[in-house]
Structure formats: structure tokens, C-alpha cells
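Listed below, chain by chain, are the residues.
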Amino acid sequence: MIKAVIMDWAGTTVDYGCFAPLNVFIEIFRRKGIEITQEEAREPMGLLKWDHIREITKMPRVAALWEQKFGSRPNDRDVDALYADFEPLLFASLRNHCEPVPGILELVGRLRERGIKIGSTTGYTEEMMDIVVEEAGRRGYRPDVLVTPTEMPAGRPYPWMIYENCIRLGVYPLHHVVKVGDTLSDIREGLNAGVWTVGVVLGSSELGMSEAEVSACPPEELKRRCEEVRGRFYEAGAHYVIESVGKLDAVLELIEASLKAGAGVPAGAAASASVPQGARHA
């Protein structure tokens, strides 16, 4: 019943915690004399990186600091200058952040045994993904299709990358497609495309913790943080939220049961009162 699963890259299938771009965003603003927080750097995660930088400059605190230092609010020329610093810094470190997340290789094996195709979308440019695809491939992760935002009219939250995945994979209708990601931009992308949309908590940019930090975190504190992320995903409209990407199978079974019952893709979690709470928390 499910024909394709389309997954994000950093924070979902590779780069646990999505750390590759994080420090670079912080550094390019620091070079301009502006200190941004990790939370500010992560908030637009999942967007095309130029768009991501622009969204940071629009944040009221950041914009006020910029105006205080430079005498005017940041504009697109300032974003261009920040991005000019961003690319070389990211390229210098990207190869060190391509390790597949725990459980993804096994999940891909199970999906392929069921005849489900594997697509992918990203906030990285095509040139950035040349590095990520090569390094992740060496470690065993190779989706069937990759579409980058620089190949499309626009990146997330627009649905174009998902549509292009479906074209290249030859899958239709869209209610037989599942999008999986670790950011609110991923959720919006999936909803805008009209496909089933699933958020991943552990390893996500939304949680923002490394594997070591997750292991060291007191259980009650980790549970609280995970529930906060889960809540943000559902507030954004996710149909389901899973603890880790390796647990996607249970959600696929629930979706296929809905499809067999004749259901289409609901508008989002807020409009999905019929989805059992326990099932949604698979």
C-alpha cells in the first residue's frame, strides 16, 4: 500500500542531532559581531541555507542587534555576505557529519524487502549533497532518489522536491507516499505536498542533542525534552511522531490500515482526532 518513503538527510538519516550546519550559522554571525544562540540558529533548520540565514536575520532580537551595530536592519545584500562566509565553512566540515543514524540502514533494508522505494529531500544545495551522498554511501546509506532545493523553483516548505521525488520514483497517488523528517520545515513540506508526514524526535535538530548527550541525560529530563519536541511536531500538523527513525515500521502499518479502510491523507494532527493517541505516539 505504501509505495515510497521520502526522508530528510541531516538529523533524520545522517548527522545525528544535525550538527554540521549549526556551528557554521553561529560562526558567520559571530564574524559580523553578532552573537546568536543555538536555539536561534536551529529554528529555521530544514530550509535552503540562504533562506535559513535570512530567517535568522528576521528574528527580532537578531535584527535589533544588527541595527545597533550597523545602523540599519539586515537586508538581502547582508544575507548574501553571510552566505558567502557560510559555504566555505560548511564545505570544510561537512565530510565529518555524514554518519548514518542508528537504525536507518536496517530500516531501509526492511522497506526494500517490502518493495517500498526510498526518496530524499534536503535543505542542502546540490554541491553540498555531492559530499554527503558520497560519504553516506561509503557507510551504507543510499536512497533511490535525491532532490535538492537548488534543482527546484524553491525549497521547503514548498512541495516541489517531494513532487519531483514522486516523478523520478514513478509513484502515485500521493496518499501512498510518506515524508519523514526532523524539522518543522520537513513537516510543512510534507503537508503542503499532501502526503503522510512523520516527525522524528531522537537525532533531530528539534531536539538538538548528540548521541552522547542523549545517553547522559537523566531519563525524566530526556522524556520532558522529547515530549516538547513531539508537541511542536504535532502543533505543526504532523500526522505521526516517532521516537527514532528505526521505528517507522509501526507507523507504516497504521497508515496502511487507514488506506485499506478507504481513508485519504488527513489535513494534519490537529484535524486527526480519529487517530488513536497511542498509535500517534508510535
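Nothing here was measured: the structure is a model prediction, and the numbers come from that model.

Engineer: Help me out: how do you make sense of the overall build of the chain in this one?
Structural biologist: When you go through the chain residue by residue, the secondary structure sums to 13 helices and 5 strands. Computed over C-alpha atoms, the radius of gyration of the chain comes to 19 Å, within 12% of the 19 Å expected from 2.2 N^0.38 for 282 residues, which places it in the range of a compact globule. Out of the 282 residues belonging to the chain, those deemed buried represent 54%. Within the chain, counting contacts between residues at least 6 apart in sequence, those at least 24 apart form 75% of the total. Of the roughly 12,000 Å² that the chain leaves accessible, carbon and sulfur atoms contribute 51%. Of the side chains in the chain, 32 bear a positive and 41 a negative charge, and the two mean positions are spaced by 2 Å.

Engineer: Explain the packing of helix H1 (residues 22–30) against helix H3 (residues 49–58) here, please?
Structural biologist: Each pair of packed helices can be summarised by the angle the axes make with each other and by the distance between the axes. Closest axis-to-axis distance for the H1/H3 pair is 12 Å, and the angle between their directions is 55°. By the angle class used here, H1 and H3 are oblique. When the axes of H1 and H3 are compared, the crossing they make is right-handed. Residue-level contacts link Phe25, Ile28 and Phe29 of H1 to Lys49, His52, Ile53, Ile56 and Thr57 of H3. Counted by class, the contact of H1 with H3 contains 5 nonpolar, 2 polar and 1 charged residues.

Engineer: Is there a simple way to explain the packing of aromatic side chains in this structure?
Structural biologist: Any pair of aromatic rings gets described here by the distance separating the centres and the angle formed by the planes. All told, the structure shown has 7 aromatic pairs when counted by the stated rule. Plain terms: the ring middles of Phe25 and Phe86 are 4.8 Å apart, the flat faces sit at 20° to each other, and that makes the pair stacked. You can see Phe25 sitting in helix H1 and its partner Phe86 sitting in helix H5 (residues 76–93), a full 61 residues away along the chain. Note on accessibility: Phe25 and Phe86 belong to one class, buried. Arranged with centres 6.2 Å apart and planes meeting at 10°, the rings of Tyr158 and Trp160 form a pair that is stacked. A relative accessible area of 33% means that Trp160 is categorised as partly exposed. Taken together, the ring pairs connect Phe25, Tyr83 and Phe86 into an aromatic cluster. Between the NZ or CZ atom of Arg42 and the centre of the ring of Phe19, over which it lies, the distance is 4.9 Å. Over the aromatic face of Phe70 sits the side chain of Lys69, whose NZ or CZ is 5.9 Å from the ring centroid.

About the cut-offs
Starting from 1, residues in each chain are numbered consecutively following that chain's sequence as written. With the structure being a predicted model, the display of local features is reserved for residues of pLDDT at least 70 and the display and counting of side-chain atom pairs for 80 or more, all residues being used for whole-chain, interface and lining totals. Water and hydrogen atoms play no part in the side-chain values, which are based on all heavy atoms of the structure. Secondary structure elements follow DSSP: runs of H or I no shorter than four residues count as helices, runs of E no shorter than two count as strands, and numbering proceeds from the N terminus. When we talk radius of gyration, it's over C-alpha atoms, and the globule rule is simply 2.2 Å times the number of residues to the 0.38. Using a 1.4 Å probe on the protein chains alone, a residue whose accessible area is under 20% of its type maximum counts as buried, one over 50% counts as exposed, and one in between counts as partly exposed. Every residue pair with non-hydrogen atoms within 4.5 Å of one another is taken to be in contact. Here the Shrake-Rupley method, with its probe set to 1.4 Å, supplies the accessible areas, and only the displayed protein chains count as covering residues. Neither His nor the chain ends is counted toward charge; the positive residues are Lys and Arg and the negative residues Asp and Glu. For this purpose, a charge sits on NZ of Lys, CZ of Arg, CG of Asp or CD of Glu. What counts as an axis is a line fitted to C-alpha atoms, over the stretch in contact for a helix, and the angles between N-to-C directions run from 0 to 180 degrees. Put simply, angles under 35 degrees are roughly parallel, angles over 145 are roughly antiparallel, angles from 65 to 115 are roughly perpendicular, and the rest are oblique. Crossing handedness is read from the near helix: turned anticlockwise from the far helix by less than a right angle, it gives a left-handed crossing, and turned clockwise, a right-handed one. Note that Gly is not counted as nonpolar here; it falls among the polar residues with everything else outside the nonpolar set of Ala, Val, Leu, Ile, Met, Phe, Trp, Tyr, Cys and Pro and the charged set of Asp, Glu, Lys and Arg. Here is the rule: rings of Phe, Tyr and Trp (six-membered ring for Trp) pair when centre to centre is within 6.5 Å. Planes less than 30 degrees apart are stacked, more than 60 are edge-to-face, and the remainder are tilted. Definition used: whenever NZ (Lys) or CZ (Arg) falls within 6 Å of the ring centre and also within 35 degrees of the ring normal, the charge is taken to sit over that ring.

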